[in-house]
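Here is what each chain is made of, one letter per residue.
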Amino acid sequence: MLTWFELRSINLINFLFINLIVTIVVLGGLLATIEKHLPTAIRQTFRYGKHAIKGSPDRLVSLLEVPKAWFKHFYVFAALWSVAGFAVMMDTYLTGKPAPDYVIAFLDTMATNRRMVRTTPTETMIAITLITLQCLRRFYETWFVQVFSSKLKMNLSAYLVGYIHYFGTIVAILSQAEGFTRTGPVSLPTNGYRFEPSLRLALCIAVFYYAWFHQYRSNAILANLRKDKQGKVVNQKHSLPSGDYFDVISSPHMFFEIVMYVSLFGVLHRNSSMVYVLLWVLSNQLMNSWLTHQWYVENFPNYPKQRKALVPFVL
């Protein structure tokens with residue numbers, strides 16, 4: 001059994017994301033190659049929503065399923081957690097004081113006390129602001145725009161992953177930020193916050209906003225398939241979406257999720273933990289988009305052939 005000292009030497013945030021990546025890659029690879037030979041329990045755990053397995057479900061796995069509409073819950077958490085991170089970051093950089101000791105101690109526990117400063121206040125402020133805007137928008141969408149089917153389920157593990165993702169992303173961003181570590185060449189912001197713009201950061205912000213806006217449009221298109229012209233929900237069936245990027249890919253909302261995290265990585269490219277966050281988002285969205293594309297092709301005989309699964313004109 002690991003001692004407390006040994007646990008503190010492990011970057012738990014990296015450990016969480018690496019485990020998520022390995023799980024999605026291994027299980028996704030098995031589904032893509034030998035799904036017919038896999039036990040029902042494994043297939044049912046991985047597949048949910050409209051790509052849920054057909055036929056008799058595993059009784060034990062069914063006991064661990066929750067309504068897909070519970071997606072709403074972790075966006076409440078994501079909104080509150082990101083706003084809390086934003087508030088601590090703003091207080092730190094606008095006052096020129098280090099982050100509160102309890103925050104640094106928490107980051108030490110989650111990402112070790114050997115953390116080094118790898119991102120500037122400008123980069124951290126931009127990244128936290130962008131992820132907070134994303135969490136707030138997703139909160140609004142899931143509660144006031146999207147229409148979840150009352151019949152669809154998801155595995156409890158998929159539900160918990162949502163909390164892990166947003167918890168881990170905010171912690172990863174702050175864990176190597178100036179003013180949030182005990183070690184490094186510059187551990188405290190000495191002169192308060194100074195905005196230091198660059199072409200790279202401006203480009204990352206622009207790309208993030210473009211993806212942010214078009215992901216909202218994609219989710220609105222999906223929601224409107226279940227509403228009438230007055231915005232009243234009239235059905236819960238799955239229909240064929242069209243318009244905007246749906247004309248070229250099956251899952252533009254997943255594609256733009258990847259684009260946003262690529263932009264975040266562009267802002268925080270020196271933050272070593274963000275590599276794992278990006279790889280997790282990439283692998284997860286790639287597998288989900290493949291399942292979604294497969295479902296569309298199987299259920300709509302005249303599905304447009306020009307539509308790719310995830311990347312326009314490519315994949």
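Cut-off values and rules
- Residues numbered from 1 in each chain as written.
- Predicted model: local features only at pLDDT ≥ 70, side-chain atom pairs only at ≥ 80, totals over all residues.
- Heavy atoms only, no water.
- UniProt positions renumbered as here; feature names shortened; annotations may be inferred.
- Helix = DSSP H or I, 4+ residues; strand = E, 2+ residues; numbered from the N terminus.
- Rg over C-alpha atoms; globule rule 2.2 N^0.38 Å.
- Buried < 20%, exposed > 50% of the residue type's maximum accessible area, 1.4 Å probe, protein only.
- Contact = heavy atoms within 4.5 Å.
- Areas by Shrake-Rupley, 256 points an atom, 1.4 Å probe, with all protein chains shown as cover.
- Lys, Arg positive; Asp, Glu negative; His and termini not counted.
- Charge placed at Lys NZ, Arg CZ, Asp CG, Glu CD.
- Core = buried A, V, L, I, M, F, W, Y, C linked by side-chain atoms within 4.5 Å.
- Axes fitted to C-alpha atoms, helices over the stretch in contact; angles between N-to-C directions.
- Parallel < 35°, antiparallel > 145°, perpendicular 65-115°, else oblique.
- Nonpolar A, V, L, I, M, F, W, Y, C, P; charged D, E, K, R; others polar.
- Left-handed = near helix turned anticlockwise from the far one by under 90°.
- Expected span 1.5 Å × (residues − 1).
- Salt bridge = Lys/Arg side-chain N within 4 Å of Asp/Glu carboxyl O.

- As annotated in an unreviewed UniProt entry, the chain carries the name Polyprenal reductase and is attributed to Anopheles christyi.
- Recorded under Catalytic activity (unreviewed entry), the UniProt text for the chain is reproduced unchanged: "a di-trans,poly-cis-dolichal + NADP(+) = a di-trans,poly-cis-polyprenal + NADPH + H(+)".
- According to its UniProt record, the chain has this under Sequence similarities (unreviewed entry): "Belongs to the steroid 5-alpha reductase family. Polyprenal reductase subfamily."

**Observations regarding the overall build of the chain**
Link 1 in the chain: What the chain contains, in helices and strands, is eleven helices and two strands.
Link 2 in the chain: Start at the N end of the chain and walk to the C end: the helices and strands fall as α-α-α-α-β-α-α-α-β-α-α-α-α.
Link 3 in the chain: Against the 2.2 N^0.38 benchmark of 20 Å for 315 residues, the chain shows a C-alpha radius of gyration of 21 Å, consistent with a compact globule.
Link 4 in the chain: Going through the 315 residues of the chain one by one, you find that 48% of them count as buried.
Link 5 in the chain: Residue pairs in contact within the chain that sit at least 24 positions apart in sequence constitute 80% of those at least 6 positions apart.
Link 6 in the chain: Within the structure as shown, the chain displays about 15800 Å² of accessible surface, and the carbon and sulfur contribution to it stands at 66%.
Link 7 in the chain: In the chain, the 30 positive side-chain charges and the 16 negative ones have mean positions that sit 8 Å from each other.

**A closer look at the nonpolar core**
Link 1 in the chain: Ranked by internal contacts, the top residues of the largest apolar core, which has 65 residues, are Phe180, Tyr261 and Leu264.
Link 2 in the chain: Counting residues per element, this core draws most heavily on helix α10 (residues 252-267), which supplies nine residues.
Link 3 in the chain: Ignoring anything within four residues of it in the chain, the contact list for Tyr261 reads Ile131, His165, Tyr166, Thr169, Val277, Leu278 and Val281.

**Some remarks on the packing of helix α6 (residues 101-111) against helix α8 (residues 156-175)**
Link 1 in the chain: With their axes 10 Å apart at the nearest point, α6 and α8 run at an angle of 110° to one another. Here α6 is positioned roughly perpendicular relative to α8, judged by the angle of their axes. Two secondary-structure elements touch here, α6 through Phe106, Leu107, Met110 and Ala111 and α8 through Phe167, Val171, Leu174 and Ser175.
Link 2 in the chain: Residues of the contact of α6 with α8, tallied by class, amount to seven nonpolar, one polar and no charged.

**Looking at the packing of α8 against helix α11 (residues 273-299)**
Link 1 in the chain: Relative orientation of the contacting elements α8 and α11 amounts to 150°, with a least axis distance of 9 Å. In terms of axis orientation, α8 runs roughly antiparallel to α11. Crossing of α8 over α11 shows left-handed handedness. Mapping the contact onto sequence places Val161, His165, Thr169, Ala172, Ile173 and Ser175 in α8 and Ser273, Met274, Val277, Trp280 and Val281 in α11.

**So, α10**
Link 1 in the chain: The end-to-end C-alpha separation of α10 is 23 Å, in line with the 22 Å expected for 16 residues at 1.5 Å each.
Link 2 in the chain: The buried fraction of α10 is high, at 14 of 16 residues.

**Brief notes about the pattern of salt bridges**
Link 1 in the chain: Following the criterion strictly, the structure yields eight salt bridges and no others.
Link 2 in the chain: Arg200 is paired through a salt bridge with Glu123; the nearest N and O atoms lie 2.7 Å apart. With a gap of 77 residues between them, Arg200 in helix α9 (residues 199-224) and Glu123 in helix α7 (residues 121-144) connect regions that are remote in the sequence.
Link 3 in the chain: When its relative accessible area of 31% is taken as the criterion, Arg200 is described as partly exposed.
Link 4 in the chain: Measuring nitrogen to oxygen at the nearest pair gives 2.7 Å for the salt bridge that ties Arg270 to Glu123. Of the two residues, Arg270 is situated in the loop between α10 and α11 and Glu123 in helix α7; the sequence distance between them amounts to 147 residues.
Link 5 in the chain: Judged by relative accessible area, Arg270 falls into the partly exposed class, the value being 39%.
Link 6 in the chain: Put simply, Asp101, Asp108, Arg115 and Arg182 are held in one network by salt bridges that share partners.

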